[in-house]
Amino acid sequence: YTHLTDQDMNGSYGGLAQYGLGISFDMGERSRFFLSGHYGQKAGDPYHNIDGLSDDDGIHVKYLPLMMGIKVNASDRPGFRLYVGGAIQYAFFWEEVSHGDIYSNPQDIKASGSAPGYYFFMGPEIPLGQGKNAVGAEFGFGGSEGTVGFSSHSHGIDLKGMQARVYLTMGL
C-alpha cells in the first residue's frame, strides 16, 4: 500500500493498494538481491479541491513499478531478521480522465507514461518453522514521478509516498 504524499494525487486518490511478485537471491550471509513487480489501480475524484463539485469515479490510475534492489539483515538474533534496503525502479503508469468536449459529449483522455524511481525501506522478517519460508513486513518511502500524455495533452503524475508491505517468502 502506498499513501501518496503529493497533495493533488493524495486529494484525488488518497492511497494506492498494490499486489506484487518477486524473486530474491543470496548475495552473502546477510544480504539478498531482489527483482520484483507490482500492480495497483484506483479510481479517484479529479475535483477534490473544488467545493460543491465531485466525481468519485471521474479519474482512474494504474501503476506498474518494476524494481531491482538489495536488502541487508541488520539483526544478529537467530530466528529474526531486520532488513534494511533500497531499490531502483522503472514504472509505467496510465491515467484515464473523463470529461466533456465543447458540445458536452462525454470523452475519456487515456494518458500513459513511464519514469524511473526509487524505494528505501526497513522491516522485520520471521522464519516459519525450520524451512526457508518466512513472513515479513516493509515500511518505507519511494515511488515514481513523471509525465503522462496522449496526443497534445500531457500532465504530471507523482506516485511517491509512504509505503507499507506485508509479504510471504517461499524457499525454493
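What you see is a predicted model, and the numbers here were worked out from it, not measured in a lab.

Draft legend 1. Highlighting the overall build of the chain. Across its full length, the chain holds 1 helix and 10 strands. Seen in sequence order, the chain has helices and strands lined up from the N terminus as β-α-β-β-β-β-β-β-β-β-β. Projected onto its principal axes, the C-alpha coordinates of the chain cover approximately 65 × 30 × 25 Å. At a minimum sequence separation of 6, the contacts of the chain that also span at least 24 residues come to 56%.

Draft legend 2. Quick peek at the layout of surface pockets. Put simply, the largest pocket is a space of about 1,300 Å³. Lining the largest pocket are 44 residues; nearest its centre among them are Ser24, Lys71, Tyr167, Leu168 and Thr169. Looking at the lining of the largest pocket, the elements with two or more residues in it are β3 (19-26), β4 (31-44), β5 (59-73), β6 (81-100), β7 (106-127), β8 (134-150) and β10 (161-169). Element by element, the count of residues in the lining of the largest pocket is highest for β3, at 8 residues. Grouping the amino acids of the lining of the largest pocket by side-chain chemistry returns 19 nonpolar, 14 polar and 11 charged.

Cut-off values and rules
Residues numbered from 1 in each chain as written. Predicted model: local features only at pLDDT ≥ 70, side-chain atom pairs only at ≥ 80, totals over all residues. Heavy atoms only, no water. Helix = DSSP H or I, 4+ residues; strand = E, 2+ residues; numbered from the N terminus. Contact = heavy atoms within 4.5 Å. 1 Å grid on protein atoms, 1.4 Å probe; cavity = no way out; pocket = protein on both sides within 12 Å on 5 of 7 lines; lining within 4 Å. Points joined across faces, edges and corners; volume = space filled by probe spheres on them. Nonpolar A, V, L, I, M, F, W, Y, C, P; charged D, E, K, R; others polar.

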